[in-house]
Each structure stands twice: as structure tokens, then as C-alpha cells.
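What the coordinates show
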Amino acid sequence: MEIIRSESLSKVYRTGENKVYALNNVSLSIEQGSFTAITGPSGSGKSTLLHLLSGLDHPTDGKVIYQDADLYKYKDNQLAVLRRRRFGFVFQSYNLVRELTGWENILLPVMLDNRKADEEHLNRIIDLLGIRDRLSHLPGAMSGGQQQRISIARALANKPAILFADEPTGNLDGKSGREVLTLLRQVNRELGITLVLVTHDLNVAEQADRIIQLEDGKIARDSGVMQA
Amino acid sequence: MKRLTMNQVAKANLKHNKKAYFSLAIGIFLAVYLACTAVLCIYGTLEANNEKAARKVGWGDTTLLDEPNVTDDQLRSSGYFDQIGRIYVTASVNDSEVFIGRYDETANDLMYRRCTVGRLPEKPGEIAAERSALDKLELEDANVGDIVTFTLKAFGGTPEKRTFTLVGILTEQTSYMEHTWSFFPEGTGAFPAILTHYDEPGCQYGTPVVHRIMTNRPGVTLTEIQADEILYQLGTAAQISRVSGNVMPYDNRVNDIKEQINQVVLYLILGSALLLSTCVAISSSMESMLAQKTEDIGMLRAVGATKKQIKRLFGRDAWILTLTALPVGAILGCLTAWIISCLMPNELIFLPTPWLLIPVVLISFLCVFLSSMLPLRRASRQLPMGILRDTNTLRKAKKFRNHKQFKATQLIAARQFYLHPMRQTGSACMIALMLFVAILLGEMLISTAASTISNQAAFTLTSRQDVGYTLEPFVHLKSPISGLTQNDLNQLRTLPTVRSTGSRLETQALLLVPEELPSYLKTHYIAIQADAHNRNMPVNPTAGAIDTRYLVVEKEEPVHTFPESLSYDSAMITAKQMHVLQSVLGVHQNIMPIRIIVATLDEVDFSKNIVDGEIDFDALDSGEEILVYAPNVVAKPSNHGMLETNQYFDDEIDPAAWDVVIMNDYFYVGQELNMYQLFGEQPDWFDTRDNEGQLQRFYSEMDTVSFSPKVGAVLKGVFRIGNTRPFGMYLITTEKGAKALGLMDNGAASVSIYLEGDPDIDTEELLNDTIKRIGLRRNMTVVNQLAINREDKEYQTRILMLFGGMVILFFAVAVSMQVTNASRRIRADERMVGTLRAVGADENALLSCYRLPIIISSLFGFVLAAIFYLLMMVFYPIAFPEWHIWLLAIVLMMAGLNALCSIIGVRGQLHRVVNKSIIENIREL
Ligand SMILES: Nc1ncnc2c1ncn2[C@@H]1O[C@H](COP(=O)(O)OP(=O)(O)OP(=O)(O)O)[C@@H](O)[C@H]1O
Ligand SMILES: [Mg+2]
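This section reports on the structure supplied with the text. Residue indices follow the written sequence of each chain, beginning from 1 at its first position. Each chain gets a letter, beginning with A, and each ligand a number, beginning with 1, in the order they are written. Where totals are concerned, whole chains, interfaces and linings use all residues; where local detail is concerned, this predicted model gives features only for residues with pLDDT of at least 70, and gives and counts side-chain atom pairs only at 80 or more. The side-chain figures draw on all heavy atoms in the structure; neither hydrogens nor water molecules are used.

**Some remarks on the side chain of Thr36 of chain A**
To keep it simple, the criterion reads: A helix here means a DSSP run of H or I that spans at least four residues, while a strand means a run of E at least two residues long, and both kinds are numbered starting from the N terminus. Contact criterion: two residues are considered in contact whenever any of their non-hydrogen atoms come within 4.5 Å of each other.
Inspection of the secondary structure assignment puts Thr36 of chain A in strand E3 (residues 35-39). If we ignore the near neighbours within four places in the chain, the residues touching Thr36 of chain A are Ile30, Leu195, Val196, Leu197, Ala208, Arg210 and Ile212 of chain A.

Listed below in C-alpha cells is the structure:
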């Protein structure tokens, strides 16, 4: 069953006279509970696609259909509710709130939703990510890898329907990277969270149900489509 | 290669960060502007007062009265004086207290005589005169251009007639110059109220009195002059105070300085409060500017810049801004001072003198230096890498606990506030200032309202000399110029719109007292140390007005109670006078003079003062009863070698605190007071009190009445009748009562005239003219309270408008400070805003991040203002007598309104950021 799809999605950046097609007429459909990996060379539009799918950016053209409605027709506040309840996002550059501790950053989406935290769930994630001893520190006092793990925990805190992750293992050493990936696979399988992941790492991509390769803002190869 | 100087780097910085520098520039500009305005206002106020006082007493520093034995050369060689001018008092005019005279050239400059109409005399035969002098000479209608003929009589000379042309009306000055020397014999302490040209020939017979007016060498004081051995005799040297516009026979500079501070206290308080808050504003914008540059600073330190270089680099911006702001701030400051001087021309003159730039520049630089020092020090102290990692924040963060539940956005707000408290202080101080000015405004409105409610007399007339006072102990002498007569009073009462008149006069009667003198009436003594002499000061319930020592002198040892033989001798004479009077009147009791107040009692409120009996107006009017004011008098030596006395109710007296406590044990309700009154002119042949024959004849020739009213009520404590507060024992009755008793007097010494509502301009002019004329006839001072009130009201309105404008200005400044503060933060935090949006925060949640600091600083400002208010009440209770809760409520509402306006402004700013996509927010950095 399809959970989210894009219809001829484009993003154009205008710099003076020039037009840069960060994303050029991309249509794709993602199955519920699937694990999709997006790969491609630097600057090919991976991040852009992920942002547009998760409602963080505005497309120049095209639609993103989630639960039978265009994401970009939602009102701002409705979209905000959607983001905190249904989507989780792991940024390439973490984006933690500087003034909040690790724990507070993780809890941020839950608290913005005025709900009680599912502590069991959180404890599991925290232990799996190995960040328990960093929880009461401010991001400034953490290494890049620790910050990345905090941001993964934050994305998972609300048990989202879809987790978008932009190179979540990019800053981790091989072992930690594998562990994080195992965790992501685990939540994907056990909680049924749909996983959309951008990666350069072919080993990571191998584990995905489907690999989409982008080049110059267009889908160059799509394993899912091929299989089908 | 050209070297890149720090200055160039700073300039480049300035160019590239125009926006960031804007608020810093505004802060610095405000500092310069405020410093300039405050300095100009303070200087202008002092100069205005100086000028005002100079119009009363001239520009001299010292006067010397009629000292023919001291030559100008002696004065000059003493080294105390710069300029010495001579004031010649040529003669008295028409046998009155008005004198004519002339100035030499120096005195002409120093006395600073100006004309309200016409000009000063320019050749012999011309005169200029003060209006009051013409009034006294009954030349009320004299105008410039009139020819007048005077009878001049020089000191020791004979009268001669002379004719002058009146060419000018002088501003009033003589009364201020003469003030201290009213005791001088026969006008030798007088100053000319009519001025002739210097070349006007003197009188044929007699000599002029010559006063001198000098300016002191810098730093010379009256104390020094009076302590000088050669000038020691100059008892008549006096100090001219251009602060109070008075002439004082003693050095009064301490008071002058206090007075000067009082004159400028408003500008001092406002100026320093404003400067302080701009300092905080500079500090916080510097702080946030440096915060934006944390990474730059880290980089600079990483590539090896020293702390000093960093301080210089970022401090230089502030200095460049100060230099740029100086001319603009100074010009606008001048403009403001000029506007204020136009609003209050009498209180402030606009005098932009170049040397005033020195304090302006000093204050501005000091402000900028002090307020940039702290943020700069903090910035330069940070470690190269630590700066990137925000060590300061991390150090503080140790205290954080991890909560299970929290309001995310509020936590962020609180955390930001906690981590960077300086950023919000500026606007909090501005709000505090705004609210405090609002409190001042409220207090002023309250006091204005209170002052208009009180029932005031529209006109008051007061005798220049005491018509109730008599030199003879047992006879109330008829004074040459009487106070207002019954006729005058009737005339006043029939003037249009007059509702009532309250008149008041004092007369003296004789009370028969038992031979065994009641202790209340006795005289007590207090030893007082004054200039190395030990003196015994008499104290009795008349507060020393009547000396009762003669009543006991014959029974007491002189050594004990009469340490000064002079007063013993005079008491003996008075006792002898009493014995003669006893035989004339055929009484055997002791006779004691007693003062009587005759007044309109309708407007007097002494209900609290009645300790026994009650006031029965019918009985008073019929002369059956009389009121006795018998205060409990307490006394002790004061710190200044004088007596300190007071009159309390019984339960207010702490006997341990006073040396003498005199309490009434004699007068009681229903008591019959047997009294006489002797009234009349002192006969020419009466020349000694020590001659029984003369006394006998004198007393027999006087008009004599006797009356025996009963005491209707006994009063104590302190109260007012008309515009005076009776001090010491008195009998009190009404006008009708006095008539019924047959009391004789010298006329009313003071009258208050109450009107029916506010008269129109024509009526007021008519009233003013008539009342002035009647007053002049009786040598009385007339005060037109209506005019004074009007001036006061205009002044108050101007001040209120000034303060109201300031409240609005500060309100706007506070709001814009809050909004720029928040929007600067929103811009700096745009990435965080994006992050919060990405994890699902809506616009409302975002707003609450920025709402909290605004609310906190508004509240903080309110608390500061409330503390100010409280402090003012503790240290300045005269101006802040009461704690007005509702004023605080209004002020709290203003703080709320301020927060609301700021939040609306911030919402607009936030909207702009939220309109962009999240990715744009995050990429911004
Ligand atoms: N704000 C922008 N303005 C102009 N061009 C942009 C902007 N953002 C992205 N681009 C361009 O869009 C293209 C796609 O960028 P995108 O970030 O999606 O690449 P990517 O595949 O994620 O690269 P990487 O692997 O390096 O993260 C790039 O060529 C980039 O230069
Ligand atoms: Mg990318």
C-alpha cells in the first residue's frame, strides 16, 4: 500500500539569469513500511527530494500526496501537526536547539504536541544509540556523531509514520554506523515506520528494499520500479 | 605593501554591518544627545535663576552700607574686591520712606537696573522710579513723561523742592536690597527707589549716604572679609546671593548650593536616569552585536589576535560612532534645550556656550566607555575555540536538570533569558524609566488636582508693619499708619463677586491676675551658650511676646533669675509702672498685658483644638464670652544657640525631651476675665517711664475701657487664622465681639478675600485695582492669588505636557527596543526557528519563545519602577506623601500595554521568517 507519492515534483533555483534544476519532474511512490534508499552524486538533488517529500520546502512545481491530500495545500498549522505526529526528519547537519540539552532536544516534538513521553520507547532508542551519558549536555558539548545520534532519537521520539533521514550515518564510524542502521531497520520492521534514507554508502543502500538513484535532479535508476 | 590598520578594519566592519550597528549607533547618539540636553538645561536653569536674581539684587557680590570711615582705596588694597561701585542715597522724598539717589558708573553696571517702561535717566532733571515707590508717594497714576515735583530732604539737611521728568519705571529692587537692614536708623540703610542721573546736583544742605557694591575676587567669601582685621569693623558688609535673590549679613553659600541643586534636581534625576538607561542600551546592543560576531572573534583569536587588539577592534567602532554622533547629537540637544526654554522662558534660558562642549563630550565618552567596557571585556576574554563552543553557556548549563515534562518553547525562552540576561536589560530599564516618569506624572496630576480643590483666598492684604505691636507695656499705642479700618473692610465686602472676607487684627488689653502669680503665667529661664556668652533666655506662654518678669521682680533675688542687670532694671521700672496704673484704675490685682486676636472665625477650623468648652458664636458676638488660646509651651536650646520651642497638646509632650514645659493650669471654661484696655497716642511731653507723675498723667489721659467676658472655650495645639499661625497665648474673639466689648485697635493687619467663583477678566482687573489701592493706602502688601494660581497652572500644564510627552516618547522607545531586540534575535535564531518548525512547532508556539522575554522585561521594568517609587517615598516624603495603589495599577497596565505592543511588533517580524520555507530558514546561516 502506498503511503506517500510525488507527482512531477520540480524545484528550480534561480540565480540571476541562470536556472538550476535541483529536482526535475520527479514522480515516485513509496510503499508503507518500506525502506527506501536514495543515492546519487553530490548535488544531484537527494536532499531536495527528501525536503520536498517531508514538507519542509516548497516545490516549484508538482505535488506530494500523503493520505490522499496534497501536502502543500495544507494550512501551515496543519502541516506543523503533521510534521510533529507523522514525520520524523534527520538532518544532514543535525540542527539541534543550542539552548536545550540532549534530552530536551529529543523530547522536543513530544512536548510541542503537549503529550506524555513514551518512556519505554525512548529508553530503548537512547540505549540503542548509546547516548545516555550525553543527555544532560548542551549540543555545544557533544561531538558531531553524538549530535547526529541525538537528532535521530529526536526524529524517532514520536514514533512517526515516515522517517526521513539525510545521511544519518555520515558522521559515524563504521561500527556505530552499522549499529544505527540496525536500529533504523529494527524500527522499520517492528514499529512499521516507513524509512526514506539518503546515503552515499553502498553498503547501507544494499540493505534497503528499494534504491533510487538520482542524477541531475532526475531519477536515473529505481530498483523498486525495476523489480516490479 | 600598504599596512592594514585596525582603524581601517573597524571602518570596513562599520560598512559591512550597517544594520547591526544601527542600534548601537542609536544608543550612542542618544547618550550624546541626552548629555547635551541635560547639560544645557542645567546650565540654562542656573543662569535663568542667576539672571532673575540679578534683576532683584544686581550682579555684585558684597554690599557695604554707609561706612564713611572706610575709603575705596582701603577696600581695594584689602585684596578682596575687584570692582567697587558707589550708590549715593541723596535724600528722602516728600518726608516718606522713599529715597532718591544715583549710581556711579560701576554701580550702574553692577546694580543692573532695568526699566519696565521708558528708560533710565540720561541727564540731570530726569528720574526713573519703581512703581511701588510712586505708589507710596501716592503717585499711582504717574506715567512716563510726567513732570513731578518732590520735596527732598538730605540726611541732616533741610527740605528743598525740586522738579523732575519721569522717564522710566524701574523694576522692583529696593525692597530686596533693603531687606536685611530694616533696623538701620532713619533710612541710612535705605536704597534709592528713585534714580537720578549721576550728574544730578545733590541737596544744598545735608550729606548723602554712600553705600558700596563690590564684586569679590574669585574665591573670596564673606566669612573671610568679615574675619579680616582691618575690615573687622565692617559689620554692615553683606553677601548678595544670586541664588535666592537676597542680601544676607552672613555667609550663606551652603544654603545657596543646596538651593541650586534643588533648582536643577529635576534635570539631574531625569538626565542621569535617561543616561543610565542609554548606557544599558548601549551595553546590551554591544553585547548582542558581539554575540553575532562570536565566530569572528574566535577566528581572530585563533589566528593570534591579542585580547587588547580585539577590544580595540570592536571598541573602536563605538568610538567612531561616538565621534560621528557628537555633532548631530549636540545640535539636536541644543534644539531640545531651546524648545524647553521656549516652553518655560522664566525657568530656563538657552545659552549654548562653547565651553559647555567639554562636559558634554566628557559625559558622552564616559557613558560609551563604561557601557562598552563590560561586553568588550567578556568578548575578548573568551578562548579561541571555546568561543565556537560557547563555553560561557556550557559553564552555566551545569545546573540543568532534565525534566520529564516541559513546555518546549517556554523552556527555550527561559533558557535564552537565563543564558543571556544582558540582552533584555536595556528594554527593561527603558520600561522602568517610562513607568517611573508615568508615576511622577500621576503624582503631579494628583497634587495639581488637590491644590485646585482647596479653598483659597483670591486676594490677601497684609500690613508691612505690625499694627498690633506696641512698645508700651500697658497702653496700646495708636500707630501712625493704621491697618484696614471698618470702612475699608466694608468697601472690600461690597466689591463685586466677593463672597466673604476674613480679617484679622491683633490688639492688646490688660488682664487682672492674682497677686500670687499662677504658674502658667510665670517666666522660666533657659541657659543658652551663644558666642562664648552664657545667656538666660526667658520663656513664657506668650512665647516671649510679653515679658512677665516684672510681676515677680520685687519678690525675687536678682542674682537667680535676673543674670543680666539690664533686664532686672527694666523689670523694676515696669513693676513701678504697674503700681501707678493700679492706682489710676483703682485695682489691687496684678495687671498683665494680654494679646487679643480679632478675626473672622467663619473660615477658621479649630475644632480639633478645643480642649474644654465649645464655641458659641452668639456669646462671642455679644461679648459675653471670649476664647482663650492657652498652648502648652515647651522649650529647649537649639543647636544654633537659639531657643527651640513648640506648642503641643497634653499627650504629645515628652517631658524628658524638653528643658521647660509650661502647661495651662489657670484658664478654665466659665472663668471671668477682668480686663481693661488703655488706647491712644503717646503724648509729646511723655519722655520717661521712670517718673510717676508723668506716668499717672499719661495713663489718665488714655481712652480706657473695662470688660469682663467669660471664657467660652480653651484651645491648644496649632491652628491657622487667615495666613498666620498664632504663637503663644492669645485671647480670641470675633469682630462683633470686639465691638461689643468696646475694644480699640489699629485696624486689621491682614484680610483674606474670598470670591464667588472665578471672576471674568474685567471684574478681576477691577478687583485687583481697587484692592491694590486700598492696600496701598494702609501700607499693605497685596497678593493676587488668582494671578499666581493662573501662572502656577500654566507652569504646571507645561510641566505636565513635558512629562506626558516624555511618557509617550519612552513608551515608543521601549516598544521599539523590545521589537528590535526580539527581531534581531529572531534573525540570529532563524536556524533554530527552522529546526523548531521542522519538528512540528506552529507559529503560535514560536511566538511564545519571544513573548516570554518581553513579558519578563516588562514585569521587571514594572518592579523596578515600583521600587523607585517606594524609595522616593522613603527618601523624599514631601513630594510623595502617599502610596497610591491605583497609580501602580495604571502603571502595571501601561507595562502590559507595552508588552502587548511589543508582542504585536514581534509577531509581524516572526511572520516574515515563517513565510519562508523551513529549508530557507535553516540554510540562512
Ligand atoms: N538555495 C539554493 N540556491 C541555489 N541552488 C541551490 C540551493 N539549494 C540547493 N541548490 C542546488 O540544488 C542542487 C541540489 O542540491 P541538494 O542539496 O539536493 O544536493 P545533494 O544531492 O543533497 O548533495 P549532497 O550529497 O552534497 O548533500 C545542487 O546543485 C545545489 O547547488
Ligand atoms: Mg544533501
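**What to know about a nonpolar patch on the surface**
All names here are of chain B. For clarity, the cut-off: Here, patches come from residues exposed beyond 30% relative accessible area and free of salt bridges, joined within 9 Å for like charges and within 5 Å for nonpolar side chains (Val, Leu, Ile, Met, Phe, Trp, Tyr). A 1.4 Å probe and the Shrake-Rupley method give the accessible areas. Residues count as covered only by the protein chains that appear here. The working definition used for a salt bridge is a side-chain nitrogen of Lys or Arg within 4 Å of a carboxyl oxygen of Asp or Glu. Throughout, exposure labels follow a simple rule: accessible area from a 1.4 Å probe, protein chains only, divided by the maximum for the residue type, with under 20% read as buried, over 50% as exposed, and the rest as partly exposed.
A cluster of nonpolar side chains, namely Val328, Leu332, Leu335, Trp338, Ile339 and Leu343, defines an oily patch on the protein surface of about 510 Å² accessible area. Following the sequence through the fold, Ile339 ends up in helix H10 (residues 307-343). Residue Ile339 is classed as partly exposed on the basis of its relative accessible area, which comes to 42%.

**A look at the sheet that holds strand E2 (residues 18-31) of chain A**
Residues and elements named next belong to chain A. The condition is simple: Following DSSP output, two strands are said to pair if at least two bridges run between them.
Strand order across the open sheet formed by four strands is E2-E1-E4-E5, with antiparallel pairing between neighbours. Every other strand in the sheet has two partners, leaving E2 and strand E5 (69-70) as the edge strands with one partner each. Bridging between strand E1 (residues 2-15) and E2 involves 10 bridges; their strand directions are antiparallel. Along E2, the bridge assignment pairs Leu9 with Val26.

**Observations concerning helix H4 (residues 119-129) of chain A**
Helical geometry: 3.6 residues make up each α-helical turn, so side chains three or four residues apart lie on a common side. All names here are of chain A. Stated precisely, the cut-off is as follows: By arc we mean the arc of the directions from the helix axis to the C-beta atoms, nothing more.
Buried residues of H4: His121, Leu122, Ile125, Ile126 and Leu129, and no others. Seen along its axis, H4 keeps its buried residues to an arc of 130°; they face one direction. Buried-residue contacts for H4 involve helix H3 (102-112), helix H5 (144-156) and helix H6 (174-190). Just downstream of H4 lies Gly130, where phi reads positive at about 65°.

**Considerations on empty space enclosed by the protein**
This is how it is decided: Both cavities and pockets are sets of points on a 1 Å grid over the protein atoms alone; in a cavity a 1.4 Å probe fits but cannot get out, in a pocket the set is open with protein on both sides within 12 Å along at least five of seven lines, and lining residues sit with an atom within 4 Å of a point. Grid points are joined across faces, edges and corners, and a volume is the space filled by probe spheres set on the points.
Summed over all chains, the structure comprises three cavities of 30 Å³ or more. Taken as a whole, the largest cavity spans an internal volume of roughly 130 Å³. If you go around the largest cavity, you meet 15 residues; those closest to its centre are Arg83, Phe87, Gly88 and Phe89 of chain A together with Ala838 of chain B. Listed by contribution, the elements that provide at least two residues to the lining of the largest cavity are helix H2 (76-85), strand E6 (87-90) and H5 of chain A. Broken down by element, the residue count for the lining of the largest cavity peaks at three residues, all from E6 of chain A.

**Quick look at the packing of helix H25 (residues 843-875) of chain B against helix H26 (residues 885-915) of chain B**
Two quantities define a packed helix pair, namely the angle between the helix axes and the distance between the axes. Residues and elements named next belong to chain B. Convention followed: As a rule, the C-alpha atoms of each element are fitted with a line to give its axis, helices using only the stretch in contact, and angles between N-to-C directions run from 0 to 180 degrees. Angular relationships are summarised with four words: roughly parallel below 35 degrees, roughly antiparallel beyond 145, roughly perpendicular across 65 to 115, and oblique for the angles in between. By the definition used in this description, the sense in which the near helix is turned from the far one sets the handedness, with an anticlockwise turn below a right angle giving left-handed and a clockwise turn giving right-handed. Side-chain classes follow a simple rule in which Ala, Val, Leu, Ile, Met, Phe, Trp, Tyr, Cys and Pro form the nonpolar group, Asp, Glu, Lys and Arg form the charged group, and the remainder, Gly included, forms the polar group.
Interhelical geometry of H25 versus H26 gives an angle of 155° and a closest axis separation of 9 Å. Between H25 and H26, the angle falls in the class roughly antiparallel. As for how H25 packs across H26, the hand of that crossing is right-handed. Here the contact of H25 with H26 is composed, by residue class, of 19 nonpolar, five polar and three charged.

**Things to note about the packing of aromatic side chains**
Here is the rule we go by: By convention, a stacked pair of Phe, Tyr or Trp rings (six-membered ring in the case of Trp) has centres within 6.5 Å and planes under 30 degrees apart, an edge-to-face pair has planes over 60 apart, and any other such pair is tilted. In our convention, an over-ring charge means Lys NZ or Arg CZ found within 6 Å of a ring centre and within 35 degrees of that ring's normal.
Under the defined criterion, the tally for this structure stands at 21 aromatic pairs over all chains. Between Trp59 of chain B and Tyr112 of chain B, the ring centres sit 5.4 Å apart and the planes meet at 65°, which makes this aromatic pair edge-to-face. Of this pair, Trp59 of chain B sits in the loop between helix H2 (18-57) and strand E1 (62-64) while Tyr112 of chain B is found in the loop between helix H4 (105-111) and strand E4 (115-118), placing the two residues 53 residues apart along the sequence. Given the relative accessible area of 28%, Trp59 of chain B is considered partly exposed. A residue is classified by how much of its surface remains accessible, and Tyr112 of chain B, at 14% relative accessible area, is buried. Among the aromatic residues, ring-to-ring pairing joins Tyr66, Phe87, Phe89, Phe91 and Phe164 of chain A into one connected group. Over the face of the ring belonging to Tyr198 of chain B we find Arg102 of chain B, whose NZ or CZ atom lies 5.0 Å from the ring centre. A cation over a ring is seen here: Arg595 of chain B above Tyr730 of chain B, with NZ or CZ 4.0 Å from the ring centre.

**A look at the coordination of the magnesium ion (ligand 2)**
Residue and element names in this part refer to chain A. The test is simple: Metal coordination here is assigned from N, O and S atoms located within 2.8 Å of the ion, or within 3.2 Å for Na, K and Ca; omission of water means that sites may look incomplete.
Protein ligation of the magnesium ion (ligand 2) involves Ser47 (OG) and Gln92 (OE1), the donor distances falling in the range 1.9 to 2.7 Å. Of this pair, Ser47 sits in helix H1 (residues 46-53) while Gln92 sits in the loop between E6 and H3, and the two are 45 residues apart along the sequence. A residue is classified by how much of its surface remains accessible, and Ser47, at 16% relative accessible area, is buried.

**A few points about the side chain of Asn664 of chain B**
All names here are of chain B. The cut-off we apply is this: The definition of a polar contact used here is a pair of N or O atoms within 3.5 Å, where within protein one atom must be able to donate a hydrogen and the other to accept one, and adjacent residues in sequence count solely through side-chain atom pairs.
Here Asn664 shows up in the loop between strand E22 (660-662) and strand E23 (675-680). Within the structure, the side chain of Asn664 is placed 2.9 Å from the backbone nitrogen of Tyr666, a separation counted as a polar contact. Once you skip the residues sitting within four places of it in the chain, Asn664 turns out to touch Tyr520, Ala630, Asn632, Val714 and Lys716.

**Structural notes on the nonpolar core**
All names here are of chain B. Just so we agree on the cut-off: By convention a nonpolar core is built from buried Ala, Val, Leu, Ile, Met, Phe, Trp, Tyr and Cys residues, the set being connected through side-chain atoms within 4.5 Å. Delimitation of the domains relies on an automatic or database domain assignment.
In terms of nonpolar packing, the biggest core is built from 77 residues, with Leu24, Ile28, Leu290, Phe314, Leu435, Phe803 and Phe810 touching the most fellow members. Broken down by element, the residue count for this core peaks at 12 residues, all from H2. Viewed by domain, this core spans two of them, domain 1 (1-58 + 250-399) and domain 3 (407-454 + 788-925), each represented by three or more residues. Filtering out sequence-adjacent residues up to four positions away, Leu290 remains in contact with Ile297, Phe314, Pro375, Leu376 and Ala379. Leu461, Leu521, Val587 and Val633 belong to the second largest nonpolar core, which has 75 residues in total.

**Brief notes about the interface of chain B and chain A**
Interfaces are often described in size by the accessible area the parts lose on coming together. The condition that has to hold: Here the quantity called buried area is the total loss of accessible area, with a 1.4 Å probe, experienced by two parts when brought into contact, counted for both.
Each side of the interface is counted separately: chain B has 38 residues, and chain A has 37 residues. Here chain B meets chain A over a buried area of about 3300 Å², counting both sides, of which 58% is carbon and sulfur. The interface formed by chain B and chain A contains zero salt bridges. Where chain B packs against chain A, one counts seven residue pairs in polar contact (both at pLDDT 80 or more). For the side of chain B that touches chain A, the secondary structure elements donating two or more residues are helix H13 (391-397), helix H14 (408-419), helix H24 (830-838), H25 and helix H27 (918-923) of chain B. Here the residues of the side of chain B that touches chain A are counted per class, giving 18 nonpolar, nine polar and 11 charged.

Geometric values such as these leave the question of function open.
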